[in-house]
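Listed here are the chains, written in short residue letters.
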Amino acid sequence: MPRPVGATTRGTTNPNRLRRVDNWIAVHCGDLLREAPDPLVVDLGYGETPVTTVELRARLATAVRPDVRVVGLEIDPARVAAAAPVADPPGLTFVRGGFELAGLRPVVVRAFNVLRQYDEPAVAPAWRTMTEALAPDGVLVEGTCDELGRLASWVLLDHAGPRSLTLAAKLSTLDTPARLAERLPKALIHHNVPGERVHAFIDALSGGWRDAAPYATFGPRQRWLRAVAAVREAGWPVLDRPARWPVGEGTVGGAAGAPAP
Ligand SMILES: C[S@@+](CC[C@H](N)C(=O)[O-])C[C@H]1O[C@@H](n2cnc3c(N)ncnc32)[C@H](O)[C@@H]1O
């Protein structure tokens, strides 16, 4: 077994805080998993309790395929031992490991609220180590959210590097999309300054949201829908189908998600 790459960090987690990214994975990585001979998903860094790993498995088993295999990887051996009682092999297991992915070749890796606790220079090597370990068409979903999962953002990467950036929010409590800047992935959070593409993207979304204020009478979903439409009309490469916008997501491809450190 390779030596786990990385360092133990705070293990804070919360039930249901990763629902937005889980649902997005089911939609955007669903076909990849359906077509995979071995539908293996790794949840890297699940924290003090494995609650979000259990939820990920349940969501993917329902929405994508019942035989999905989720492995929770933790660098902290005490957290691996603590998760053992909820293991449900072969669909749900817990193993000690780090960014090298413990010799596994997963189709999808979800790494949430892990790199946030590292310094920015650690991001590029961690991304590289994880993407090198993926199955040939595999993807890494690396991101951050707040305590309750009301604000979240994540980058999708494959072997070639970042493919997209997604911002997601609970719309009923969102005052402005600018709030999402606090929860950008580590690779981007220090780049949210004028002149950087991620800043321009958040600015465009916030402007669209402001201009769509009259739609607030029809509910925040309608307002968000108008804001994302305005961003697309302004030329941003919005990747989601409009059907996904009302859930409070916006995904852009290309350089907005890719100011690689
Ligand atoms: C804040 S918790 C995140 C819990 C959960 N993913 C969530 O978002 O609610 C971060 C966890 O990542 C673990 N961790 C940090 N670096 C790691 C690495 N390189 N490999 C595996 N786990 C790691 C820490 O030990 C910690 O338990």
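The structure displayed is predicted, hence computed values, not measured ones.

K.L.:
How would you sum up the overall build of the protein chain? Please name residues and give values.
P.N.:
When helices and strands are counted, the protein chain shows eight helices and eight strands. Against the globule reference of 18 Å for 261 residues, the protein chain gives a C-alpha radius of gyration of 18 Å, in line with a compact fold. Projecting the C-alpha coordinates of the protein chain onto the three principal axes gives extents of approximately 55 × 35 × 30 Å. In the protein chain, which comprises 261 residues, the proportion classed as buried is 54%. Considering only contacts in the protein chain between residues 6 or more positions apart, those separated by 24 or more positions represent 67%. Measuring between centres, the 30 positive side-chain charges of the protein chain sit 4 Å from its 28 negative side-chain charges.

K.L.:
Tell me what's going on with the domain arrangement of the protein chain, and back it up with residues and numbers.
P.N.:
For the protein chain, the domain assignment lists domain 1 (1–159) and domain 2 (174–247). Summarising the inter-unit geometry, the C-alpha centres of domain 1 and domain 2 are found 26 Å apart. At the junction of the two partners, domain 1 supplies 22 residues and domain 2 supplies 17 residues. Around 1,400 Å² of area is buried between domain 1 and domain 2 when both sides are counted, 57% of it from carbon and sulfur atoms. When the buried area of domain 1 at its contact with domain 2 is split by residue, Arg116, Glu120 and Leu151 rank highest and sum to 40% of it. Summed over the shared surface of domain 1 and domain 2, the number is zero salt bridges. The interface formed by domain 1 and domain 2 contains seven residue pairs in polar contact (both at pLDDT 80 or more).

K.L.:
Got a sec to walk through the pairing of strand E6 (residues 151–158)? Specific residues and values, please.
P.N.:
Within E6, eight of the eight residues are buried, which leaves it mostly tucked inside the rest of the structure. Residues Leu151, Ser153, Val155 and Leu157 point to one face of E6 and Ala152, Trp154, Leu156 and Asp158 to the other, with burial holding for every one of them. Here E6 folds back onto strand E7 (residues 161–169) in antiparallel fashion, the turn holding two residues.

K.L.:
Hey, could you go over the packing of aromatic side chains for me, with residue numbers and the actual values?
P.N.:
Think of a pair of aromatic rings as described by two things: how far the centres are apart, and how the planes are tilted against each other in angle. Evaluated as defined, the whole model comprises seven aromatic pairs. Pairing Phe201 with Trp236 gives two aromatic rings, centres 5.4 Å apart and planes at 50°, and the pair type is tilted. Of this pair, Phe201 sits in helix H7 (residues 197–211) while Trp236 is found in the loop between helix H8 (220–233) and strand E8 (249–253), placing the two residues 35 residues apart along the sequence. Members of the aromatic cluster, connected to one another through ring pairs, are Trp24, Phe112 and Trp154.

K.L.:
Please provide a residue-by-residue account of the site of the ligand, values included.
P.N.:
In the neighbourhood of the ligand, 26 residues make up the surrounding shell, with Thr13, Arg17, Glu74, Arg79 and Tyr118 lying closest. Val5 is positioned with one of its backbone polar atoms (N or O) 3.0 Å from a nitrogen atom of the ligand. The separation between a nitrogen atom of the ligand and a polar main-chain atom of Ala7 is 3.1 Å. Among the detected pockets, the ligand sits in the largest cavity. Residues of the shell around the ligand, tallied by class, amount to ten nonpolar, twelve polar and four charged.

K.L.:
Just give me the short version of the sheet that holds E7, but keep the residues and values in it.
P.N.:
Strand order in the open sheet formed by eight strands is E3-E2-E1-E4-E5-E6-E7-E8, with mixed pairing between adjacent strands. Edge positions in the open sheet fall to strand E3 (92–96) and E8, since each of these has one partner strand only. The sheet shows a mean angle of 20° between the axes of neighbouring strands, taken without regard to direction. Inspection of the sheet shows strand E1 (residues 40–44) paired to strand E2 (residues 69–74) by five bridges, in the parallel sense. The residue of E2 that forms the bridge with Val42 is Val71. The strands that helix H1 (residues 19–28) touches are strand E4 (108–112), strand E5 (139–145), E6, E7 and E8; relative to E4, the one it contacts most, it runs at about 165°.

About the thresholds
Residues numbered from 1 in each chain as written. Predicted model: local features only at pLDDT ≥ 70, side-chain atom pairs only at ≥ 80, totals over all residues. Heavy atoms only, no water. Helix = DSSP H or I, 4+ residues; strand = E, 2+ residues; numbered from the N terminus. Rg over C-alpha atoms; globule rule 2.2 N^0.38 Å. Buried < 20%, exposed > 50% of the residue type's maximum accessible area, 1.4 Å probe, protein only. Contact = heavy atoms within 4.5 Å. Lys, Arg positive; Asp, Glu negative; His and termini not counted. Charge placed at Lys NZ, Arg CZ, Asp CG, Glu CD. Domains from an automatic or database assignment. Buried area = accessible area lost by both parts, 1.4 Å probe. Salt bridge = Lys/Arg side-chain N within 4 Å of Asp/Glu carboxyl O. Polar contact = N/O pair within 3.5 Å; in protein donor to acceptor, adjacent residues only side chain to side chain. Pairing = 2+ DSSP bridges. Phe/Tyr/Trp six-rings, centres within 6.5 Å; stacked < 30°, edge-to-face > 60°. Near = heavy atom within 4 Å. 1 Å grid on protein atoms, 1.4 Å probe; cavity = no way out; pocket = protein on both sides within 12 Å on 5 of 7 lines; lining within 4 Å. Sits in = over half its atoms within 2 Å of the grid points. Nonpolar A, V, L, I, M, F, W, Y, C, P; charged D, E, K, R; others polar. Axes fitted to C-alpha atoms, helices over the stretch in contact; angles between N-to-C directions.

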